[in-house]
Amino acid sequence: MSSSSGSSCTPIPSHKQRRSSRRSTGCWDTLDTDSQALSALGRFQTLPLEIFHMVLKYLSVKDISMLSMVSKTLSQHLIHYISTSAGTRRLLLQDFHNLELPGRREGASVLEHYKSLGLLFKRCTLLLPTRDRLKYVHRVLSEVSCFKLSGCASPLHCLGLKCYGVFLQILTAGWDELECHRVFNFLWELSNLARKVQTVVSSRAGSARKLELRIRLYCRRVLLNHWIHRSDSAFWLTRILKPWPIVNQARLLYIIFGPVSSLDGHVVWQKMIEGPTDETSLKGLAEAIKLLYGTEAREWTADDVISLVDELSVVPQEWLMENNARLLLLSGNNICFTFMASKAVNGRAVELARLMVFMTLVCEKDLYCMDWVVRMMQKVCRVFSTPWERNNFLQCLENAFAHMLMDMLQAVLAGGHDEEDNSFLNLFHLVNAQANFHKEILYLAMRSSPSTA
């Protein structure tokens, strides 16, 4: 009995132990699941979604972007929040026509807000493929009309495109070249830029003034202006120009970087044709040329850039030679020498001599050192393969000085009162330019000659 009773009692606690073990396992499974969710959402796990969205209202955009890095689950919650009407009202500020945003601390600008927003989108979409990231960004931002090429009625006085530009710069910073190609193609198709650029580069200059202005603003404010590194700027400018033949490249370069009216912002096509211009009107073009000629622009050869500069000088018609000379001076020594050396190699000595004379005139007017022109002349003379070619160039140079002096003197004698003043000033500058140019040559000759007792 005792034995049987002992054996009959033995399975009971053992059976209970097994049941207890099964209950314990189920309990811990539940706790593990809850702890995983809790670790993903933290204290926000206990909040209803509506309360979670209310909490986000009290966080800055930078704080929200930091929160998105906590876990994939939180990031997905924030992606959902951004897409809601409350999220878009909170984040997509659209007061682009005032410098300061209402209700924000003093000194905080709308541009700073969209930099932070770009970082938020960058972190929220970190795990998505590039194509899906771009689609999501477009879906959220598509309602902002001022982000579109033709979406704002007053684009000159609107910060919308600038905000879109800084947003994209922060979003795509650090992306590899292939991803940036996809970004450009996405924007190119989204804004229908190909068709619009085709319209302005194939039409008569100035016939589509409003479209020219919008293309200029979109390319500069969205694609070009916000990059820190020159290699990035060169990449985006190359993407804009390379699809087109060189004639259209020159026209498009002028639209984007050429001089504009101070009244309405429209491109001034006759600026380089009607009279001498100032450095301000040419600075943008010169900087773009230097960017394409630099080592950062791997897809451009020296011949490509020189051909582009040559083509630019006849957009929309042949420029005054003084404006050509001023553009070359602003473009830097390397471009200037390469451009002039190409003329020397191709036997265009007369044209080269006239360009050199106008360079002396620009140096005189703009107060550059005249010895720079003399050193450039020396470098160009070394390009000629024979002494006869070099001497012929020097003779052409002196002839160009003489012909220009006679032409300006005739303009002074034949001109009216207003024209007489302007013509006389040009003659005055040219005479001084010639004197200073030859003075530097004499100094050079005296320094190189052996001293006499």
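Scroll up to find the structure.
Just so we're clear, the structure is a prediction, and the values are computed from it rather than from any experiment.

About the cut-offs
- Residues numbered from 1 in each chain as written.
- Predicted model: local features only at pLDDT ≥ 70, side-chain atom pairs only at ≥ 80, totals over all residues.
- Heavy atoms only, no water.
- Helix = DSSP H or I, 4+ residues; strand = E, 2+ residues; numbered from the N terminus.
- Buried < 20%, exposed > 50% of the residue type's maximum accessible area, 1.4 Å probe, protein only.
- Contact = heavy atoms within 4.5 Å.
- Areas by Shrake-Rupley, 256 points an atom, 1.4 Å probe, with all protein chains shown as cover.
- Salt bridge = Lys/Arg side-chain N within 4 Å of Asp/Glu carboxyl O.
- Disulfide = S-S within 2.5 Å.
- Core = buried A, V, L, I, M, F, W, Y, C linked by side-chain atoms within 4.5 Å.
- Axes fitted to C-alpha atoms, helices over the stretch in contact; angles between N-to-C directions.
- Left-handed = near helix turned anticlockwise from the far one by under 90°.
- Nonpolar A, V, L, I, M, F, W, Y, C, P; charged D, E, K, R; others polar.
- Phe/Tyr/Trp six-rings, centres within 6.5 Å; stacked < 30°, edge-to-face > 60°.
- Lys NZ or Arg CZ within 6 Å of the ring centre and 35° of its normal.
- Expected span 1.5 Å × (residues − 1).

J.: Go over the overall build of the protein with me, naming the residues and quoting the values.
T.: Broken down by element type, the protein carries 23 helices and 0 strands. Residue burial in the protein is summarised as follows: out of 453 residues, 44% are buried. Long-range contacts, defined here as pairs at least 24 residues apart, represent 69% of the contacts in the protein between residues at least 6 apart. As presented, the protein carries roughly 24400 Å² of accessible surface, and 55% of it is formed by carbon and sulfur atoms.

J.: Can you lay out the pattern of salt bridges for me, pointing to particular residues and giving the numbers?
T.: With the rule as written, the count across this model stands at 12 salt bridges. The shortest N-O distance in the salt bridge between R209 and D264 comes to 3.1 Å. Of this pair, R209 sits in helix α12 (residues 209–224) while D264 is found in the loop between α14 (246–257) and α15 (271–274), placing the two residues 55 residues apart along the sequence. Through salt bridges that share partners, E322, R326, K365 and D366 make up one connected network.

J.: Outline the state of the cysteines, listing residues and values.
T.: One way to say it: the disulfide is the covalent bond shared by the sulfur atoms of two cysteines. Applying the stated rule across the entire model yields 0 disulfides. Cysteine C146 is unpaired, with the sulfur of C158 as its nearest cysteine sulfur at 3.6 Å. C158 provides the cysteine sulfur closest to C152, a residue in no disulfide bond, and the two sulfurs are 3.7 Å apart. In this structure C152 comes out as buried when scored by relative accessible area, which is 7%.

J.: Hey, could you go over the nonpolar core for me, with residue numbers and the actual values?
T.: Among the nonpolar cores identified, the biggest contains 136 residues, and F96 and Y114 are the most heavily contacted of them. Here this core takes 11 residues from helix α20 (residues 349–366), the largest share from any one element. In this structure, F96 is in contact with V110, Y114, V144, C146, F147, H157, C158, L159, G160 and C163, ignoring residues within four places of it in sequence.

J.: Kindly report on the packing of helix α7 (residues 110–124) against helix α9 (residues 160–172), identifying the contributing residues and their values.
T.: Contact geometry for α7 and α9: axes closest at 8 Å, N-to-C directions at 35°. The two elements α7 and α9 meet at a crossing, and its hand is right-handed. Side by side, α7 and α9 meet where V110, L111, Y114, K115, L117, G118, L119, F121 and K122 of the first sit next to K162, C163, V166, F167, I170, L171 and T172 of the second. Split by residue class, the contact of α7 with α9 holds 11 nonpolar, 2 polar and 3 charged.

J.: Could you give an account of the packing of α12 against helix α13 (residues 230–241), naming the residues involved and the relevant values?
T.: Two elements in contact, α12 and α13, have axes whose closest approach is 10 Å; the angle formed by their N-to-C orientations is 145°. Both α12 and α13 take part in a crossing whose hand is right-handed. Every residue of α13 that contacts α12 at C219, L223 and L224 is listed here: S233, W236, L237 and I240. Counted by class, the contact of α12 with α13 contains 6 nonpolar, 1 polar and no charged residues.

J.: Outline the packing of aromatic side chains, supporting the account with residue identities and numerical values.
T.: For the structure on display, the rule yields 14 aromatic pairs. Among the aromatic residues, those joined into a ring-pair cluster are F184, W188, W227, F235 and W236. A cation sits over an aromatic face here: K242 above W300, 4.2 Å from the ring centre. In this structure, K379 packs its charged tip against the face of F337, placed 4.4 Å from the ring centre.

J.: How would you summarise α7 if you had to cite specific residues and measurements?
T.: In this model α7 runs 21 Å from its N-terminal to its C-terminal C-alpha over 15 residues, within 8% of the 21 Å that 1.5 Å per residue would give. Listing the buried residues of α7 in full gives V110, H113, Y114, S116, L117, G118, L120, F121, K122 and C124. Summarising the contacts, the buried residues of α7 are in contact with α4 (61–67), α5 (72–83), α6 (85–91), α8 (130–141) and α9.

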